[in-house]
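Spelled out, the chains give:
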Amino acid sequence: MRPFAYARARSVAEALEETGAGTAYLAGGTTLVDLMKLEVVSPQRVVDITWLPLRGITSSRAGLHVGALERLSDVAAHFVVRKRYPVIAEALELSASPQLRAMASIGGNLLQRSRCGYFRDVSTPCNKREPGSGCSALTGWNRGAAVLGTSGDCVSTHPSDLAVALVALGAAVHLASAAGGRTVPLERFYRLPGSTPHVENALRPGELVTAVSVPRSPWAARSTYVKVRDRQSYEFALASAAVALDVQRGRVRGARVAAGGVGTVPWRLRGVERALVGRPATEETYEAAVVHAADGARPLEHNAFKPALLRRTLVRALTALGGDRA
Ligand SMILES: Cc1cc2nc3c(=O)[nH]c(=O)nc-3n(C[C@H](O)[C@H](O)[C@H](O)COP(=O)(O)OP(=O)(O)OC[C@H]3O[C@@H](n4cnc5c(N)ncnc54)[C@H](O)[C@@H]3O)c2cc1C
Ligand code: SF4
């Protein structure tokens, strides 16, 4: 690890003043410190934001509001989240390990970096780590790589489970900077790699994620997260599905569907949503709705199984939500 300066911000205003080129915010540190040890990132200055008042989980008629520094485990355990937004609790419970969930923050989770092995190995070319150096995954070991939204410059999946659940529910991130605040829908926050895979999201230099909000909806309470991975715990998704359904009198009235582990960003599946709405809530409908879920997929040598795995994962999630329930 390279030497760096450390400062603890005592207020949001102070954190925003402390930023500049070569500065990184420190929340739980479960990604940042790892990457600093590997020298994948080497900030000259680390601003500790753990003492900022960016906490709180509140629910109103408008929806759910979660402070960026809330811990993953606290959000997953919160009674309103479990009752009205179960897909969020399930996505969090299937993330990382209990120790990591107790340390990691919501904001840090949404901003975590790629888990591509080449990104984390500084001896190999990687456009995301070092723009213009090349992409080792294209011709190397690419079992975990994305099949949707890829480019010739990067095929890394977005690693956050929470982001997939939040994209399905139409969540937004709240951002603060010295110039003021703004709110960005999460679906528009993440950037496709294109020819600039090192630009991963819409966050501007020095901007702070302060909170996440999720609108109240008729489908959020009937929602679930299914994650398929090589090991049952402590592992990132090969494919995952976040699904929310509004079913009345045996018919799907509304649907929200997103996928993880397959796209370079959390992948909203609007075509699947359209194919569900107005149909009977049956397995037959679900099987038919997911047929085109992976259209446009560009599999590589070791991940050709992902389109079929995605379709099966989606059907599992939809079936788990079932038909009519009082
Ligand atoms: C072994 C292992 C397994 C894991 N498995 C999973 C998994 O299955 N699913 C999953 O989703 N995640 C998984 N993770 C990732 C884990 O969830 C993230 O490391 C964690 O959520 C990051 O949160 P943090 O608070 O520790 O962020 P930090 O490490 O402190 O920060 C991460 C990044 O976000 C920036 N940042 C943090 N907070 C803010 C803010 N409020 N505003 C602006 N910038 C900010 C930091 O500067 C840094 O760049 C795993 C991690 C490990 C180590
Ligand atoms: S897939 Fe992306 S992160 Fe992985 S080596 Fe290629 S450029 Fe780097």
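What counts and how
- Residues numbered from 1 in each chain as written.
- Chains lettered and ligands numbered in written order.
- Predicted model: local features only at pLDDT ≥ 70, side-chain atom pairs only at ≥ 80, totals over all residues.
- Heavy atoms only, no water.
- Salt bridge = Lys/Arg side-chain N within 4 Å of Asp/Glu carboxyl O.
- Buried < 20%, exposed > 50% of the residue type's maximum accessible area, 1.4 Å probe, protein only.
- Near = heavy atom within 4 Å.
- Nonpolar A, V, L, I, M, F, W, Y, C, P; charged D, E, K, R; others polar.
- UniProt positions renumbered as here; feature names shortened; annotations may be inferred.
- Helix = DSSP H or I, 4+ residues; strand = E, 2+ residues; numbered from the N terminus.
- Polar contact = N/O pair within 3.5 Å; in protein donor to acceptor, adjacent residues only side chain to side chain.
- Pairing = 2+ DSSP bridges.
- Areas by Shrake-Rupley, 256 points an atom, 1.4 Å probe, with all protein chains shown as cover.
- Phe/Tyr/Trp six-rings, centres within 6.5 Å; stacked < 30°, edge-to-face > 60°.
- Lys NZ or Arg CZ within 6 Å of the ring centre and 35° of its normal.

**With respect to the pattern of salt bridges**
Here is step 1 of the chain: One pass over the structure, following the stated rule, counts 13 salt bridges.
Here is step 2 of the chain: Across the pair E273 and R268 runs a salt bridge whose closest N-O atoms are separated by 2.7 Å.
Here is step 3 of the chain: Its relative accessible area of 7% is what places E273 among the buried residues.
Here is step 4 of the chain: Bridged by salt links that share partners, the residues E187, R268, R270 and E273 form one connected network.

**Observations regarding the site of ligand 2**
Here is step 1 of the chain: Residues in contact with ligand 2 amount to 13 residues; listed here are only the nearest, C116, C126, C135, C154 and V155.
Here is step 2 of the chain: Among the residues making up the shell around ligand 2, the classes are represented as eight nonpolar, three polar and two charged.

**As for the UniProt feature "domain: FAD-binding PCMH-type" (unreviewed entry) in the chain**
Here is step 1 of the chain: In the numbering adopted here, UniProt assigns the feature "domain: FAD-binding PCMH-type" (unreviewed entry) to residues 1-219.
Here is step 2 of the chain: Between the end C-alpha atoms of residues 1-219 there is a gap of 46 Å, over a span that is 27% helix and 18% strand.

**Quick word on helix α9 (residues 161-168)**
Here is step 1 of the chain: Of all eight residues in α9, eight are buried; the element is thus mostly enclosed.
Here is step 2 of the chain: Along α9, the residues classified as buried are D161, L162, A163, V164, A165, L166, V167 and A168.
Here is step 3 of the chain: One side-chain oxygen at the N-terminal end of α9 lies 3.3 Å from the backbone nitrogen of L162; it belongs to S160.
Here is step 4 of the chain: Just beyond α9, the residue with positive phi is G170, at close to 70°.

**Here's the deal with the pairing of strand β3 (residues 45-48)**
Here is step 1 of the chain: Judged from the four bridges that link them, strand β1 (residues 5-8) and β3 form a sheet pairing that is parallel. Directly across from A7, in β3, lies its bridge partner V47.
Here is step 2 of the chain: Alignment of strand β2 (residues 23-26) against β3, held across four bridges, turns out to be parallel. Paired with T23 across the bridge in β3 is R45.

**Details of the site of ligand 1**
Here is step 1 of the chain: Close contacts around ligand 1 come from 30 residues, with Y25, T30, T31, S105 and D161 the closest.
Here is step 2 of the chain: Between an oxygen atom of ligand 1 and a side-chain N or O atom of S105, the distance comes to 2.6 Å.
Here is step 3 of the chain: Here an oxygen atom of ligand 1 and a side-chain polar atom of N109 are 3.0 Å apart.
Here is step 4 of the chain: The fraction of the free accessible surface of ligand 1 (980 Å²) that becomes covered by protein chains is 93%.
Here is step 5 of the chain: Listed by contribution, the elements that provide at least two residues to the shell around ligand 1 are β2, α7 (106-110) and β8 (208-215).
Here is step 6 of the chain: Its residues placed into classes, the shell around ligand 1 shows 15 nonpolar, ten polar and five charged.

**Let's talk about the packing of aromatic side chains**
Here is step 1 of the chain: Counting across every chain of the model gives one aromatic pair.
Here is step 2 of the chain: Look at F189 and Y190: their rings are 5.3 Å apart centre to centre, the planes differ by 75°, and that puts the pair in the edge-to-face class.
Here is step 3 of the chain: You can call Y190 buried: its relative accessible area is 8%.
Here is step 4 of the chain: Above the face of the W219 ring, R256 is positioned so that its terminal group lies 3.9 Å from the ring centre.

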